[in-house]
There are 2 protein chains.
Amino acid sequence: MVGFMTGERKKFTREGEERRREALIAAALDLIAAGGPQAATVRAIADRAGVTPGLIRHYFRSKEDLVREAYRAMMTAMSDDNAAVLQAPHPSAEARLAAFVAAALRPPVMDPHRMGLWAGFIHQVRGDPDMAAVHAETYLGYRDLLESLIAALGPNDPARLRALAIACNGVIDGLWLEGCALPDAFAPRELETIGLQSVGAILGRDLLAHLPELESD
Amino acid sequence: MVGFMTGERKKFTREGEERRREALIAAALDLIAAGGPQAATVRAIADRAGVTPGLIRHYFRSKEDLVREAYRAMMTAMSDDNAAVLQAPHPSAEARLAAFVAAALRPPVMDPHRMGLWAGFIHQVRGDPDMAAVHAETYLGYRDLLESLIAALGPNDPARLRALAIACNGVIDGLWLEGCALPDAFAPRELETIGLQSVGAILGRDLLAHLPELESD
DNA sequence: CCTGCAATTATACACTTGCATAATTACAGA
DNA sequence: TCTGTAATTATGCAAGTGTATAATTGCAGG
């Protein structure tokens, strides 16, 4: 009869270190995305990962450490999603660029969840030099990739190339932001089309004509 | 002898309700901008405003109420700063639009402090319907204003006008974001120039030629 | 079936948070 | 100068925070 209706010790199974760390990071990211950093308490994270709070400190030096690793995981995931579309073959440089731009303005890259994450981390990135380094690195990597795609369109002097990359990056970021912030304010492919038109206008190319996937929906 | 070297009661002066409320709101905004919502505790806000924590609940129903009003104050301030440049006379519709775009990519509108604020509020806006309403209202107001400036350039059908406004808004937002996030990554007027070129490219106008203030620095 | 150990849970603690309430005090008006 | 009162401060509290540490227990190897 002992233990009936009383707080019995929780049953658990031993998992590999890798899986536990990933589960805790994923839980932290979900919570930050949904409710900001303040929602990601050790207890909430542990709850969502299906463990008890103490385990966090068994796998991470501190909660701050967990958040740091979560940030790194998010940034690499975004980079990978962005660049994934470039692995497919494309008939021309224009088509490559068009596919890249369109991918940024469509799920899973354009996603309110992602924007919540991004915004939630901003202040912590400010304070932590390690996180700031990850941020700068990822941002510049993205812009460099974009610049190389633009360079493939044709010859351009470096200064102009840099300005074009910044401008296109700005367009993509801005539309991404709008789409994430007000997902219901736009028609399904509206932002994608606007993005291609705008980047195309900046570069003097008709990118819309080079996107092969527009008939899929 | 009573009270010597002991915690004496704080001296204070009575201020008008208006000024106290403004001071508390300003303090909350500063703290959120610098360190995110988690930094804006009642004690920190009161400290920064030069009062004791209890006073917050004398002027606001709850901390949540104070944050709500702070958000409203921020949004109207941003709108006002944006639109202020339009009060001056401009020789042409192009010049008006150019001045508007440039103003958005220059202090005080483009300011890391402001971006910190904006990001800090995102999650709270999600949860609170009142704040969400303020947000949508302000955003759409800004875009409508932009659309009217574009419409003044010449005749356009409504659908195209809407798309142009969204695109230009996206460019401005994106460049604003980049400038705020990495203030040292760009030359002084670089983003301003890129913004004018890009918006100009989208609209098919040379806006850069219509900005009168470029010789000021 | 043991037995040891590391993974996991449970408990406790010092600190912070927002809020309620009581005690003061500045200041306008008599 | 006195007095009332509203603005302001001081104190206390319950809930929540991250962290340290002790108590369990799943599970691999004999």
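Residues numbered from 1 in each chain as written. Chains lettered and ligands numbered in written order. Predicted model: local features only at pLDDT ≥ 70, side-chain atom pairs only at ≥ 80, totals over all residues. Heavy atoms only, no water.

What follows concerns the relation of the copies chain A and chain B. It takes a turn of 180 degrees to lay chain A on chain B, together with a shift of 0.0 Å along the axis; the resulting RMSD is 0.1 Å. What the superposition gives is, in effect, a two-fold axis relating one chain to the other. Minimal C-alpha separation from the rotation axis in chain A is found for Gly 174 of chain A, amounting to 1.8 Å. (Least-squares fit on C-alpha atoms with pLDDT ≥ 70 in both.)

Glancing now at the domain arrangement of chain A. All names here are of chain A. Taken domain by domain, chain A comprises domain 1 (13-60) and domain 2 (70-211). On a C-alpha basis, the centroid separation for the pair domain 1 and domain 2 is 30 Å. Summing both partners gives a buried area of about 660 Å² for domain 1 against domain 2, and 78% of it is carried by carbon and sulfur. There are zero salt bridges connecting domain 1 and domain 2. A breakdown of the residues in the side of domain 1 that touches domain 2 according to their chemical character gives five nonpolar, no polar and one charged. (Domains from an automatic or database assignment. Buried area = accessible area lost by both parts, 1.4 Å probe. Salt bridge = Lys/Arg side-chain N within 4 Å of Asp/Glu carboxyl O. Nonpolar A, V, L, I, M, F, W, Y, C, P; charged D, E, K, R; others polar.)

Below, the discussion takes up the interface of chain A and chain B. Taken together, the contact pairs 41 residues of chain A with 41 residues of chain B. Carbon and sulfur atoms supply 65% of the area that chain A and chain B bury against each other, a total of about 3,200 Å² over both sides. Among the residues of chain A in contact with chain B, His 123, Arg 126 and Glu 178 of chain A are the three that bury the most area, contributing 17% of the side total. On inspection of chain A and its partner chain B, the count reaches two salt bridges. Linking Glu 190 of chain A and Arg 162 of chain B is a salt bridge whose minimum nitrogen-to-oxygen distance equals 2.9 Å. Our count for the chain A to chain B interface comes out at 14 residue pairs in polar contact (both at pLDDT 80 or more). Elements supplying a minimum of two residues to the side of chain A that touches chain B: α1 (17-35), α6 (112-127), α7 (129-151), α8 (158-181) and α9 (190-203) of chain A. (Contact = heavy atoms within 4.5 Å. Polar contact = N/O pair within 3.5 Å; in protein donor to acceptor, adjacent residues only side chain to side chain. Helix = DSSP H or I, 4+ residues; strand = E, 2+ residues; numbered from the N terminus.)

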